[in-house]
Amino acid sequence: MSVDGTTEAEALVRRFYQPLSTGDTDLVGEVLAPGWEALPALHAGPGRDGWKATVAYLRSVLGGLSFTIEDVLVAGDRVAVRSVTRGTHDGELLGIPATGRQVEIRASDYHQVEGGRIVRSWHLEDYYGVIQQLNAGNDL
């Protein structure tokens, strides 16, 4: 544990999210194991390259993107994160053309850490909430 109480696993997982704020994906290879698996699979593709493409996509469709970790829980080799991504809907998202509206994407992620890298991540985003914010779900 570090001086501020952060475990190595928590610090590693926090680094995983840095590219969302900075756009710099150079550290992805240091954070994710070569065979990293996202569950469910990322739409942008598998592994490290899939995460890099996901970051690039989100930064392209959400102007002024900001990412905030709201909670972190560590239990053994697992790290749970509750987060929110905010930005201006400037590109097609979930099949919805740009609206220019502010949007929040709330998510819960669970990461498994082995050998100093993340080997597996389970993720769940509140896409229904995003659709409601963009007024595309009035008939749902």
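Going by the structure above, here's the rest.
Residues numbered from 1 in each chain as written. Predicted model: local features only at pLDDT ≥ 70, side-chain atom pairs only at ≥ 80, totals over all residues. Heavy atoms only, no water.

### Topic: the overall build of the protein
Thought 1: What the protein contains, in helices and strands, is four helices and five strands.
Thought 2: Over its C-alpha trace the protein gives a radius of gyration of 15 Å, about what one expects of a compact globule, namely 14 Å for 140 residues.
Thought 3: Taking the principal axes of its C-alpha atoms as reference, the protein extends roughly 45 × 25 × 25 Å.
Thought 4: Expressed as a percentage of the 140 residues in the protein, the buried residues total 41%.
Thought 5: Relative to all contacts within the protein whose residues are 6 or more apart in sequence, the contacts with residues 24 or more apart total 52%.
Thought 6: By element, 52% of the accessible surface of the protein is carried by carbon and sulfur atoms, the whole surface being about 7,600 Å². (Helix = DSSP H or I, 4+ residues; strand = E, 2+ residues; numbered from the N terminus. Rg over C-alpha atoms; globule rule 2.2 N^0.38 Å. Buried < 20%, exposed > 50% of the residue type's maximum accessible area, 1.4 Å probe, protein only. Contact = heavy atoms within 4.5 Å. Areas by Shrake-Rupley, 256 points an atom, 1.4 Å probe, with all protein chains shown as cover.)

### Section: the side chain of D109
Thought 1: Within the element layout of this structure, D109 appears in strand β4 (residues 102-114).
Thought 2: The side chain of D109 sits in the buried core without any salt bridge; R82 is the nearest counter-charge, 11 Å away.
Thought 3: Within polar-contact distance, the side chain of D109 engages the side chain of Y17 at 2.7 Å.
Thought 4: Apart from residues lying up to four places away in sequence, D109 is in contact with Y17, V79, A80, V81, S83, W122, H123 and L124. (Lys, Arg positive; Asp, Glu negative; His and termini not counted. Salt bridge = Lys/Arg side-chain N within 4 Å of Asp/Glu carboxyl O. Polar contact = N/O pair within 3.5 Å; in protein donor to acceptor, adjacent residues only side chain to side chain.)

### What to know about the pairing of strand β3 (residues 78-89)
Thought 1: Most of β3 is tucked away: nine of the 12 residues are buried.
Thought 2: When strand β2 (residues 62-75) meets β3, the two strands line up antiparallel, connected through 11 bridges. In the sheet register, F67 faces β3, and the bridge partner there is T85.
Thought 3: The turn joining β2 and β3, which pair antiparallel and follow one another in sequence, is formed by two residues; a positive phi near 60 degrees is taken by G76.
Thought 4: Summarising the sheet, β3 and β4 pair through 11 bridges and their orientation is antiparallel. In the strand pairing of β4, V84 is matched with R106. (Pairing = 2+ DSSP bridges.)

### A look at the sheet that holds β2
Thought 1: An order of β1-β5-β4-β3-β2 is seen for the five strands of this open sheet, with the pairing classed as mixed. Looking along the sheet, the strands with just one partner apiece sit at the ends: β1 (32-39) and β2. On average, each strand axis in the sheet is inclined to that of its neighbour by 25 degrees, with strand direction left out of account.
Thought 2: Where helix α1 (residues 8-22) meets the sheet, it contacts β1, β2, β3, β4 and β5 (117-125), and its direction lies at approximately 170 degrees from that of β2. (Axes fitted to C-alpha atoms, helices over the stretch in contact; angles between N-to-C directions.)

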